[in-house]
Amino acid sequence: MRESYPATAAMFEEMRAEEVGHRDRLFEQFRERFGEHIPLIRRENVKGFLQRRPLWLIRPLGVNAARKHARMMEMEAVRFYQRAADRVTHAGTRELLNKLADEERKHTETAGNLEEKHLTEHAREREDASNKKLFLLQVIQPGLAGLMDGSVSTLAPLFAAAYATHKTWDAFLVGMAASVGAGISMGFAEALSDDGSLTGRGSPWIRGLVIGGMTTAGGLGHTLPFLIKTFQIAITVAVFVVAVELGVISWIRHKYMDTPFLQAAFLVGVGGVLVFLTGILIGSS
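Attention in this report is confined to the structure presented alongside it. (Residues numbered from 1 in each chain as written. Predicted model: local features only at pLDDT ≥ 70, side-chain atom pairs only at ≥ 80, totals over all residues. Heavy atoms only, no water.)

## Points about the packing of helix 5 (residues 155-165) against helix 8 (residues 231-256)
Definition in use: To obtain each axis, a line is fitted to C-alpha atoms, and for helices this fit is confined to the stretch in contact; angles are then taken between N-to-C directions over 0 to 180 degrees. In this text, helices come from DSSP runs of H or I with a minimum length of four residues, and strands from runs of E with a minimum of two, each type numbered from the N-terminal end. Any angle that falls under 35 degrees is termed roughly parallel, while one over 145 is termed roughly antiparallel, one within 65 to 115 roughly perpendicular, and all others oblique. A clockwise turn of the near helix away from the far one marks a right-handed crossing, whereas an anticlockwise turn of less than a right angle marks a left-handed crossing. Here, residues are in contact when the closest pair of their heavy atoms is within 4.5 Å.
In contact at an axis separation of 12 Å, helix 5 and helix 8 are set at 165° when each is read in the N-to-C sense. Here helix 5 is positioned roughly antiparallel relative to helix 8, judged by the angle of their axes. In the crossing of helix 5 with helix 8, the sense of the turn from one axis to the other is left-handed. Within the contact between the two elements, helix 5 uses L155, F159, A162 and Y163 and helix 8 uses F231, I235, A238, V239 and V242.

## Concerning the side chain of T154
Put simply, the rule reads: Any pair of N or O atoms that falls within 3.5 Å is considered a polar contact. Within protein, one atom must be able to donate a hydrogen and the other to accept it, and sequence-neighbouring residues count only if both atoms are side-chain atoms.
In this fold, T154 is placed in the loop between helix 4 (121-153) and helix 5. In terms of polar contacts, T154 uses its side chain to reach the backbone carbonyl oxygen of G150, at 2.5 Å. A polar contact is formed between the side chain of T154 and the side chain of H222, at a distance of 2.8 Å. Not counting chain neighbours up to four residues away, the residues in contact with T154 comprise D149, A178, S179, G219 and H222.

## A few points about the pattern of salt bridges
One side chain can pair with another of opposite charge once the charged atoms of both are near each other. For clarity, the threshold we go by: Salt bridge criterion: a side-chain nitrogen from Lys or Arg within 4 Å of a carboxyl oxygen from Asp or Glu.
One pass over the full model with this rule turns up four salt bridges. With a closest N to O distance of 3.6 Å, K99 and E95 form a salt bridge. Pair noted here: K99 and E95 are both in helix 3 (residues 91-118), with a separation of four residues, about one helical turn.

Quick look at the structure:
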């Protein structure tokens with residue numbers, strides 16, 4: 001987070017320093033009571049121990065989610081140590097667990113104080129802008145590229161097959177093959193093109209899933225109407241769906257890419273119409 005969210009990174013660095021000091025104090029207490037040997041204890045050996053998903057399973061971890069995650073960890077630790085202290089009968093162990101609970105309670109307060117200290121209004125505004133930029137790079141941009149590719153590139157083979165055969169089922173099969181195939185191709189192309197380490201665009205597999213899923217969804221939108229058996233009705237519904245898809249793409253470009261809506265609609269519409277007419281001409285020849 002140091003590069004994109006320096007204020008939050010500084011907050012976590014101070015929290016880490018607090019944790020190091022508490023850890024050293026706990027080591028001293030342990031040595032006084034039990035000596036130098038620390039037995040091997042796994043999580044499953046302690047009934048009721050906190051079960052948390054590994055961090056790599058919940059990535060990408062946004063800045064707001066990271067702050068919330070840290071606060072939740074502190075609150076969970078307080079509850080665990082309090083319940084553990086209520087169950088033990090050894091006075092020294094209970095005292096140790098109560099001290100742990102007190103320390104974790106202080107951590108909760110410390111996290112709030114550090115957040116107020118580092119996350120000033122100006123720093124929060126900068127981090128919100130950085131968070132928005134990362135969201136655009138990691139989700140919106142690949143999703144928009146996939147939706148555009150799926151909605152436009154599959155038009156030609158779908159409508160070519162429809163006008164060549166005048167059979168809705170054949171057109172549906174071609175559309176399904178084109179949509180799923182394009183989704184797989186775009187997903188792997190995105191995942192293998194950039195691992196995100198240099199560009200900061202996030203996990204390649206997440207980007208690949210986003211662009212692959214949106215490409216497939218964009219193609220399926222105007223493919224599903226060909227499940228209708230009547231050819232003319234299927235064509236009419238499919239054309240209407242294409243118009244809706246192009247309108248949605250234009251709105252996304254306008255909202256997230258700061259493109260004027262009319263300009264976005266014109267550019268997207270021209271591309272869609274050209275591909276649409278190409279499919280009709282080839283299918284009718």
